[in-house]
Amino acid sequence: MSDRDDPEIIGRRVQQLRVERGLTQRQLAEPAYTAAYISTLESGRVRPSDQALRHLADRLGVAFDELATGRPAHLVTDLRLRLIEAQRTLATGDTEEAARSYTALLTEAEGLQLAEAQYDALIGLGESAVESGELVEGRRYFERAELVLADAPLPARVPALRGRALAHYLAGELRYAVYLLESTLDELNRGGLHDPDALLLLYASIIGPYMDMGAHARAAQAAELALALAPQAGDPALVARMHRSVARTLIAEGRVAEADASLAKAAELYRGLQLRTELANCHWMRGYVCAQNGELERAESELRQALTMLSAKRAALYSSQAAVELADVLHRRGKSEEAAALLHDVLGDLSSERGAVHSAAAHRLLGIIAEDARDPETAEEHYVRALSLLERAGAAGDLADLCRLLGDLLRREGRVEAALDAYRTGLGHRTAPGTTTLGPAPAQPPL
């Protein structure tokens, strides 16, 4: 074991336990070893194998881990149980309480020098921070987690890498998020490290950035691979997350019924796991599906439910994103004043560093509302702000649509040259549909 104590420390521990139990070196050694071996071990001159330590632990009446590390087994078990409880707390949406628990557990794990427990606590702190909208802080926790398991196999570090990519994605840094996810997928698949849970987590996570960048072909491919991996994955939470992500690709392909079915499966899994925030996100996506299918009343109901659940659990960034989707539905239902008020409220929670794509979506919708109110000056101001945010994020598909809106506005105002410039910019983002500028797609697993 990598975290066992030095041979000299183990030797003293074996001697102390042997003396306390009134055993001779021969009695401790038999029948597998000799008294001379025990003498050499107790003097710290030999590093015992796992097999030898298990024999000695059995003869001394202690756990293997306690003999190898000096840590009582019940402490380690209790710590693991409390880590699971903190994970459940986070899953049910109580982010602040989960963060407090993870902070205490991290301190305890550091004191016991338990690398895996430290890693789990840091991942939990990172996820708590991201869910609260503290993206920079969350990214730092994920980076610390990577360092803790720097020497571990890549699949063990995937949750930290995925967390860091998610923080960059939510900050509007789409290209870097895709780079992190694609490079990790490539390393796993080319290295033969075909861990189903790790691959499913990465493929489910990369669909959103691909879609926002207009890379629909890669998003569709990632969705198909995620669906193929789902039966092999052992974590139902990952399967549920995968169904929610895949639905987005199905929507883009016009497969609305399949998307709705995929989201229904995710909702059932999340409800069973009591993952309240993820369940709220599932209602969010179902509302989006309904809106795309023209079912605006149902869409409004689903999005309001998502927003209520997310706000109640203080998932600030996610609730702001859901509010933008709800505002779009409200506008389409003729409730433009309510939609504009909602958008102005959430813009305070979004910025170029925090939810850039959704901040741009809010400005885009405010521009459309201003156009409907015959206020072209305000509309242009919102479109330009949105354009700046999307250019920074590299959201090609949204950029092309926004340039069309801006060009149409400028043309109606008689500013033909400026309109042509906007159209040309939009066409530039349509030159290579379904691709990114990141080079070849990552290697695929042998399914």
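Note: the structure precedes this text.
First things first, this report covers the structure right here in the doc. Owing to the predicted nature of the structure, the values given are computational and were not obtained by experimental measurement. (Residues numbered from 1 in each chain as written. Predicted model: local features only at pLDDT ≥ 70, side-chain atom pairs only at ≥ 80, totals over all residues. Heavy atoms only, no water.)

Before going further, it helps to spend a moment on the overall build of the protein. Looking only at helices and strands, the protein features 23 helices and zero strands. When the 447 residues of the protein are sorted by exposure, 52% land in the buried category. Taking the intrachain contacts of the protein between residues at least 6 apart in sequence as the baseline, contacts between residues at least 24 apart amount to 62%. Looking at the protein as shown, the accessible area adds up to about 20300 Å², and 49% of this sits on carbon and sulfur atoms. (Helix = DSSP H or I, 4+ residues; strand = E, 2+ residues; numbered from the N terminus. Buried < 20%, exposed > 50% of the residue type's maximum accessible area, 1.4 Å probe, protein only. Contact = heavy atoms within 4.5 Å. Areas by Shrake-Rupley, 256 points an atom, 1.4 Å probe, with all protein chains shown as cover.)

Moving on: unusual backbone geometry. The step from E30 to P31 runs through a cis peptide bond, and the omega angle for that step is 0°. With respect to the element layout, P31 can be found in the loop between α2 (25-29) and α3 (35-42). Unusually for a residue other than glycine, R374 sits at a positive phi of about 60°. Mapped onto the elements, R374 comes out in the loop between α20 (356-372) and α21 (376-393).

We now examine the packing of aromatic side chains. Applying the stated criterion across every chain, the model contains two aromatic pairs. Aromatic pair Y33 and Y37: ring centres 5.1 Å apart, planes at 20°, arrangement stacked. (Phe/Tyr/Trp six-rings, centres within 6.5 Å; stacked < 30°, edge-to-face > 60°.)

The geometry of helix α13 (residues 216-229) relative to helix α14 (residues 236-252) is characterised by a closest axis approach of 9 Å and an angle of 145° between their N-to-C directions. Of the two possible hands of crossing, α13 and α14 adopt the one that is left-handed. Contacts between α13 and α14 involve A219, A220, A223, A226 and L227 on the former and, on the latter, M242, V246 and T249. (Axes fitted to C-alpha atoms, helices over the stretch in contact; angles between N-to-C directions. Left-handed = near helix turned anticlockwise from the far one by under 90°.)

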